[in-house]
Structures are given as structure tokens and as C-alpha cells.
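Examining the three-dimensional arrangement
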Amino acid sequence: MRVKIPFELIEIEKSSFHPVINITLKGESYLFVIDTGASRTVIHSELAAQFPRIDMGTSEPFAASITAESLPVTMVCIDNLYLGENQFTNIQAFSADLSSISSYYETMTGKRLYGLLGCDFMINTKATMNFTKKILTLTRIG
């Protein structure tokens, strides 16, 4: 089944844009950047606290920022995530403190950022993006 979900382009600075989408978690809507350059989906740690942690065994997961700074993360399982009316279950995501990024984003755009919808999600849903129409098309749901 294919579904089409609208997204918004926010201009951060002149000719600098981010595609963003509202994600519903536990009945509340949160703004995420659609970030195909992020290998994993990342959720702000203040939201991630409501989801169960996934034990990574002996390996210590980490994320790297664009400046190659290592960020400590934990892995969580998001039981239900909604894009519009479309439900996705058991989404694994990194939890990281995004406070500074979120504050900066809010200063620049007036909107608070709560996560990154990463390349892992895009691949798992066979996603395509049409920037002209601002439509995210997903061809695998679940």
C-alpha cells in the first residue's frame, strides 16, 4: 500500500531549508526533521523516557553530529508512531539530548524540534520525497 503524507519546508536561513513533518506519539504532535543524512532516527531524550529501552549488550551505541562530535545515546523502541493517520509500530530509535539543537531551531524558526526521522525509517518504508509537491510517499507501512 502506498500513502502520501504532506511535509513542510522550513527556511532556516536564506536558501537553507529543512523538510519537517509532524509525528504523533502518545496522542501528542511533535516536529521532526526528515533527515536522510541521519543514518538512524533520533528522538529527544525527554520524549524517549516514555518508551522502553533496548539493551544493546556490550556495544555502546553513539551518534556523531555533523561536526563529528560523539553524542551518547540509548536505543528505545517506539511502540506506536503516527504520520497523519498512518501507524508505524516498533520503531527503533536513538534517544539523545537534543536540547541545544532544539533551542537553536526554535530561535531560528519559532518551532521546537523533537527529533530526526532518519534514513533507517526511509529505507524501511521505501520512501520517496517530492520536494515540488512537498509529499512524502511511503510504500511499506507497519
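Note that the structure is a prediction, hence the values are computed from the model and not measured.

This part is about the overall build of the protein chain. Across its full length, the protein chain carries 3 helices and 13 strands. Scored against the burial criterion, the 142 residues of the protein chain give a buried share of 38%. Across the protein chain, the fraction of contacts at a sequence separation of at least 24, relative to all contacts at a separation of at least 6, is 58%. Counting only carbon and sulfur atoms, one obtains 51% of the accessible surface of the protein chain, whose full area is about 8200 Å².

One pass over the structure, following the stated rule, counts 4 salt bridges. K26 serves as the salt-bridge partner of D79, at 3.5 Å between the closest nitrogen and oxygen. In this pair, D79 is assigned in strand 9 (residues 74-83) and K26 in the loop between strand 3 (16-25) and strand 4 (28-35), connecting sequence segments 53 residues apart. Judged by its relative accessible area of 30%, D79 falls in the partly exposed class. Assessed through its relative accessible area of 47%, K26 is described here as partly exposed. In this structure, R112 engages E106 in a salt bridge whose closest nitrogen and oxygen atoms are separated by 3.1 Å. Judged by its relative accessible area of 27%, R112 falls in the partly exposed class.

As a further point, take the side chain of D120. Here D120 is to be found in helix 3 (residues 119-124). Using a relative accessible area of 16% as the deciding quantity, one classes D120 as buried. The contacts of D120, once residues within four sequence positions are left out, are S39, R40, T41 and Q92.

Applying the stated criterion across every chain yields a total of 3 aromatic pairs. With centroids separated by 5.6 Å and ring planes inclined at 75 degrees, the aromatic side chains of F7 and F131 adopt a geometry described as edge-to-face. Placement of F7 in the loop between strand 1 (3-6) and strand 2 (8-13) and of F131 in the loop between strand 12 (128-130) and strand 13 (135-138) is noted, with a sequence separation of 124 residues between them. The exposure class assigned to F7 is buried, which follows from its relative accessible area of 7%.

A few words now on the confidence of the model for the protein chain. For the protein chain, mean pLDDT is 88; residues scoring 70 or higher make up 87% of the total. Confidence, expressed as mean pLDDT per element, reaches its minimum in the protein chain at strand 7 (residues 62-64) with 50 and its maximum at strand 12 with 97. Within the model, pLDDT remains below 50 along residues 64-68, and this stretch shows 2 contacts once partners closer than five positions in the same chain are excluded.

Calculation criteria
- Residues numbered from 1 in each chain as written.
- Predicted model: local features only at pLDDT ≥ 70, side-chain atom pairs only at ≥ 80, totals over all residues.
- Heavy atoms only, no water.
- Helix = DSSP H or I, 4+ residues; strand = E, 2+ residues; numbered from the N terminus.
- Buried < 20%, exposed > 50% of the residue type's maximum accessible area, 1.4 Å probe, protein only.
- Contact = heavy atoms within 4.5 Å.
- Areas by Shrake-Rupley, 256 points an atom, 1.4 Å probe, with all protein chains shown as cover.
- Salt bridge = Lys/Arg side-chain N within 4 Å of Asp/Glu carboxyl O.
- Phe/Tyr/Trp six-rings, centres within 6.5 Å; stacked < 30°, edge-to-face > 60°.
- pLDDT = per-residue confidence, 0-100.

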